[in-house]
There are 4 protein chains.
Amino acid sequence: MLKAMTLAVLLALSGIAPAAAQQSYGTSLSLEHAKKILAAAEAEAIKNNWQSVIAIVDATGHLQLLSRMDNAPYGSIKIAIGKAEAAFNFRMSTKLLQDRVNSGTAMHLLSSGATLIEGGLPLVVNSKVVGAIGVSGGTTSQDAQVAKAGLDALQ
Amino acid sequence: MLKAMTLAVLLALSGIAPAAAQQSYGTSLSLEHAKKILAAAEAEAIKNNWQSVIAIVDATGHLQLLSRMDNAPYGSIKIAIGKAEAAFNFRMSTKLLQDRVNSGTAMHLLSSGATLIEGGLPLVVNSKVVGAIGVSGGTTSQDAQVAKAGLDALQ
Amino acid sequence: MLKAMTLAVLLALSGIAPAAAQQSYGTSLSLEHAKKILAAAEAEAIKNNWQSVIAIVDATGHLQLLSRMDNAPYGSIKIAIGKAEAAFNFRMSTKLLQDRVNSGTAMHLLSSGATLIEGGLPLVVNSKVVGAIGVSGGTTSQDAQVAKAGLDALQ
Amino acid sequence: MLKAMTLAVLLALSGIAPAAAQQSYGTSLSLEHAKKILAAAEAEAIKNNWQSVIAIVDATGHLQLLSRMDNAPYGSIKIAIGKAEAAFNFRMSTKLLQDRVNSGTAMHLLSSGATLIEGGLPLVVNSKVVGAIGVSGGTTSQDAQVAKAGLDALQ
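Residues numbered from 1 in each chain as written. Chains lettered and ligands numbered in written order. Predicted model: local features only at pLDDT ≥ 70, side-chain atom pairs only at ≥ 80, totals over all residues. Heavy atoms only, no water.

Enquirer: Is there a simple way to explain the overall build of chain A in this structure?
Expert: Looking only at helices and strands, one finds five helices and five strands in chain A. Counting from the amino terminus, helix and strand elements in chain A follow one another as α-β-α-β-β-α-α-β-β-α. Sorting the 155 residues of chain A into buried and exposed places 54% on the buried side. Of the contacts made within chain A by residues no fewer than 6 positions apart, 65% connect residues no fewer than 24 positions apart. Accessible surface, chain A as shown: approximately 6300 Å² in total, 58% of it carbon and sulfur. (Helix = DSSP H or I, 4+ residues; strand = E, 2+ residues; numbered from the N terminus. Buried < 20%, exposed > 50% of the residue type's maximum accessible area, 1.4 Å probe, protein only. Contact = heavy atoms within 4.5 Å. Areas by Shrake-Rupley, 256 points an atom, 1.4 Å probe, with all protein chains shown as cover.)

Structure below.
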């Protein structure tokens, strides 16, 4: 019960309507649309002087767009893609997945091979998952802030 | 001792007779038999309006049958296979493995690379492991319910 | 010139309209539809007393259905999936790819990591690639015959 | 000697000044610069109504930028990255590598795991390799034309 409340609070705080388990996949964004999302995310990173790798997967889970900002860590390439894929596959924010692991309630998720690290968000339009964005390079909350800026450009 | 009891209780609650560690492998089911198991599992998912990926491995651990229901998450393909393989390799329900990890008694299992997530069951005939079924796509308890429906068709 | 003619002849002989480079992906088949294709392919294998692994990927390239007939080689699991993926990714019959390699005109294709072995066919509806089928277990021409039977059920 | 001459002829015919084996790596392009290269390559693809995946690696061989145009094959993601990496690692056009394989003079290159397929070019500034571009989605000559348009924007 407490755990359910914790998740609900997290959802409310994050301002993100995560995909429920029964949510389905929609039609992929156009590359042009994805570029707008990337540009908004990069602008947020630049504004804060953060160096990010930003990855966007489409509605089929395939990589659509990836950009590594100057001086972003090389290791972030794989992590950013992994966050986008996890948000896509689980159809929810990777922060929720990270919290489930760190709270000790779902350590088993670590065995999924998925990147359960804050900074990945599903891109949802009309309750359909049309892709996902993953960001890596800063702290996890910085990464999430950059991803959120991308998500906001989806509207 | 306590751990053994805990497992025994879990077994009783789950109504599943898991393969004991000393259990051996038997003869693979025929594809025809595996299809009946798959059909029963899919019927359970359909009845509940769940979208599942269902994977069955044979008595040698090799993939025998896999079906992805319309709109099931793409990420569930790998997870369903992983659950079936884990249930096969450990010769027990993946829920037991998940519980060992989440209870903190066997975190080391995470280093195995196995998918320690509820929803995988060994298929046991006359105390011989003749295969395993793994399900992914819903919550872990939904996945387990679908797998159990498949197991029941084994009888 | 001769090479171009050879390909044209192959196309004519195979009775398959291969996807041109500009062909695009369509909407995935339903699982129900994919099962009919699988059933037709398996019936062809059974009729000839062949043991096949048959894999079907959907319009996004993800595995949708896989079945390994009794006594089919375990190594055919990976190969059947690989053939389906290659036919999907290249949007043409894997026999055409195999011929290009064996004729010595395109040895470089071997570096693609794709499974360039006869027995994989794109599933095409209204000039859109809606998936692909890959078969392994027999000789390459047997595998192609089984795959073709599946393709014919698409109509 | 003959092989070296053959390469020289190929170079002359292709109009590309490939990095010689003794060439060294320079300083990575800025992301801004890489985006100009990508834009020029995409413009070439759009002009010809081709759908390409375009990947750019920096002077350390790490992925810097990737874009998949609408309706480009999913399989081209891996191939485009592979072409860029091969052009970077071998410090020469992947067409040269492809020709070495198809001419039968260097079949052993297939054992490298590298993507030896036309459509990858090193990005060279003042005789230093500062990155590489890889393109996939069309025929190999189309891919090469798109990559060349990107390279030209480097000047």
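Enquirer: Explanation requested: the pattern of salt bridges in the structure shown.
Expert: Think of it this way: side chains of opposite charge can pair up when their charged atoms draw near. Applying the stated criterion to the full structure yields 24 salt bridges over all chains. Among the salt bridges present, the one from Glu42 of chain D reaches Lys35 of chain A, with a minimum N-O distance of 2.5 Å. Pair noted here: Glu42 of chain D is in helix α2 (residues 31–47) and Lys35 of chain A is in helix α2 (residues 31–47), and the two residues belong to different chains. What makes Glu42 of chain D buried here is its relative accessible area of 6%. Look at Lys35 of chain A and you get partly exposed, because its relative accessible area is 33%. (Salt bridge = Lys/Arg side-chain N within 4 Å of Asp/Glu carboxyl O.)

Enquirer: Any chance you could explain the interface of chain B and chain A here in plain terms?
Expert: It is common to give the size of an interface as the accessible area lost on bringing the parts into contact. Counting residues at the interface gives 18 residues for chain B and 17 residues for chain A. By the criterion of area lost to chain A, the three top residues of chain B are Asn71, Tyr74 and Asn102 of chain B, representing 35% of everything that side buries. For the pair chain B and chain A, the interface holds five residue pairs in polar contact (both at pLDDT 80 or more). When residues of the side of chain B that touches chain A are traced back to their parent elements, those giving at least two are α3 (76–90) and α4 (94–102) of chain B. Per-element accounting of the side of chain B that touches chain A gives the leading share, three residues, to α4 of chain B. (Buried area = accessible area lost by both parts, 1.4 Å probe. Polar contact = N/O pair within 3.5 Å; in protein donor to acceptor, adjacent residues only side chain to side chain.)

Enquirer: In this structure, what is going on with the packing of aromatic side chains? I would like to understand it.
Expert: To describe a pair of aromatic rings, you give the distance between the ring centres and the angle between the ring planes. Per the stated rule, a full pass over the model turns up eight aromatic pairs over all chains. For the pair Tyr25 of chain C and Phe88 of chain C, a centre-to-centre distance of 4.5 Å together with 25° between the ring planes defines the contact as stacked. Remark: Phe88 of chain C occurs in helix α3 (residues 75–90) and Tyr25 of chain C occurs in strand β1 (residues 24–25); sequence separation between them is 63 residues. Judged on exposure class, the residue Tyr25 of chain C and its partner Phe88 of chain C are both buried. Both rings, one in Phe88 of chain C and one in Tyr74 of chain D, keep their centres 6.1 Å apart while their planes meet at 10°; by these two values the pair is stacked. Here Tyr74 of chain D lies in the loop between β3 (63–68) and α3 (76–90) and Phe88 of chain C lies in helix α3, a pairing that spans two chains. Relative accessible area serves as the criterion here: at 1%, Phe88 of chain C is assigned to the buried category. An aromatic cluster is present here, built from Tyr25 and Phe88 of chain A together with Tyr74 of chain B joined pairwise through their rings. Across from the ring centre of Tyr25 of chain B, 4.9 Å away, lies the NZ or CZ of Arg91 of chain B, which sits over that ring. (Phe/Tyr/Trp six-rings, centres within 6.5 Å; stacked < 30°, edge-to-face > 60°. Lys NZ or Arg CZ within 6 Å of the ring centre and 35° of its normal.)

Enquirer: Help me understand the pairing of strand β5 (residues 128–136) of chain C, please; the structure alone is not making it clear to me.
Expert: Each regular strand displays side chains that alternate between the two surfaces of the sheet. All names here are of chain C. Of all nine residues in β5, eight are buried; the element is thus mostly enclosed. Examined bridge by bridge, strand β4 (residues 120–125) and β5 share six bridges and lie antiparallel to one another. By the bridge assignment, Leu123 is partnered in β5 with Gly131. Count of turn residues in the β4/β5 antiparallel hairpin: two residues, of which Asn126 carries a positive phi of about 50°. (Pairing = 2+ DSSP bridges.)

Enquirer: In this structure, what is going on with the relation of the copies chain A and chain D? I would like to understand it.
Expert: Relating one copy of the chain to the other takes a rotation about an axis and a shift parallel to that axis. You can overlay chain A on chain D at an RMSD of 0.1 Å; the transform is a turn of 180° with a shift of 0.1 Å along its axis. This pairing of chains is accounted for by a two-fold axis. Closest to the rotation axis within chain A is the C-alpha of Leu66 of chain A, separated from it by 2.5 Å. A shared binding surface is used by both copies, with 100% of the interface residues of chain A retained as interface residues in chain D. (Least-squares fit on C-alpha atoms with pLDDT ≥ 70 in both.)

Enquirer: Whenever I open this one, the relation of the copies chain B and chain A confuses me. Can you help?
Expert: In screw terms, the move from chain B to chain A is a rotation of 95° and a rise of 0.0 Å along the axis, fitting with an RMSD of 0.1 Å. Given the turn and translation reported, the copies of this chain are related as if by a four-fold rotation axis. The rotation axis passes nearest to the C-alpha of Leu110 of chain B in chain B, at a distance of 4.7 Å.

Enquirer: Can you walk me through the pairing of strand β2 (residues 53–58) of chain C in this structure?
Expert: Residues and elements named next belong to chain C. Counting buried residues along β2, six of its six residues qualify, which places the element largely inside the surrounding structure. Here β2 shows two buried faces, one formed by Val53, Ala55 and Val57 and the other by Ile54, Ile56 and Asp58. As defined by bridge partners, β2 adjoins strand β3 (residues 63–68) across five bridges and the pair is classed as antiparallel. Each residue of the ladder has a partner; that of Val53, found in β3, is Arg68. In this structure, the hairpin formed by β2 and β3 is closed by a connection of four residues, where Gly61 is found at a positive phi of approximately 85°. Relative to β5, β2 runs antiparallel, the two sharing six bridges. For Ile56, the partnering residue across the bridge sits in β5 and is Ile133.

Enquirer: Would you explain the environment of Gly138 of chain D in this entry?
Expert: All names here are of chain D. Topologically, Gly138 is positioned in the loop between β5 (128–136) and α5 (140–152). A relative accessible area of 29% means that Gly138 is categorised as partly exposed. With 85 residues separating them along the chain, Gly138 and Val53 place their C-alpha atoms 9.3 Å apart.

Enquirer: Which parts of the structure should I look at to understand the packing of helix α2 (residues 31–47) of chain B against helix α5 (residues 140–152) of chain B?
Expert: All names here are of chain B. One can describe the packing of α2 onto α5 by two numbers: an axis separation of 7 Å at closest approach and a directional angle of 140°. Remark: the crossing between α2 and α5 carries right-handed chirality. Packed against α2, whose contacting residues are Ile37, Ala40, Ala41, Glu44 and Ala45, the element α5 presents Gln145, Val146, Ala149, Gly150 and Leu151 at the interface. When its residues are assigned to classes, the contact of α2 with α5 shows seven nonpolar, two polar and one charged. (Axes fitted to C-alpha atoms, helices over the stretch in contact; angles between N-to-C directions. Left-handed = near helix turned anticlockwise from the far one by under 90°. Nonpolar A, V, L, I, M, F, W, Y, C, P; charged D, E, K, R; others polar.)

Enquirer: When you look at the interface of chain A and chain D in this model, what are you seeing that I'm missing?
Expert: With 18 residues of chain A at the contact, the number on the chain D side is 18 residues. Sorting the residues of chain A by area buried against chain D places Leu63, Arg68 and Tyr74 of chain A first, and these three jointly supply 31% of that buried surface. Linking chain A with chain D are four salt bridges, by the criterion used here. The tally of links between chain A and chain D comes to 14 residue pairs in polar contact (both at pLDDT 80 or more). Contributions of two or more residues to the side of chain A that touches chain D are made by α2 and β3 (63–68) of chain A.

Enquirer: Even after reading the chapter, I still don't get the layout of surface pockets, so can you show me in this structure?
Expert: Think of a ball as big as a water molecule: rolled over the atoms, this probe shows where empty space is left. Estimates place the volume of the second largest pocket at around 670 Å³. Lining the second largest pocket are 31 residues; nearest its centre among them are Gly26 and Thr60 of chain A, Tyr74 of chain B together with Gly26 and Thr60 of chain C. A class-by-class count of the residues in the lining of the second largest pocket yields twelve nonpolar, 13 polar and six charged. (1 Å grid on protein atoms, 1.4 Å probe; cavity = no way out; pocket = protein on both sides within 12 Å on 5 of 7 lines; lining within 4 Å. Points joined across faces, edges and corners; volume = space filled by probe spheres on them.)

These values are about where atoms sit, not about what they do.
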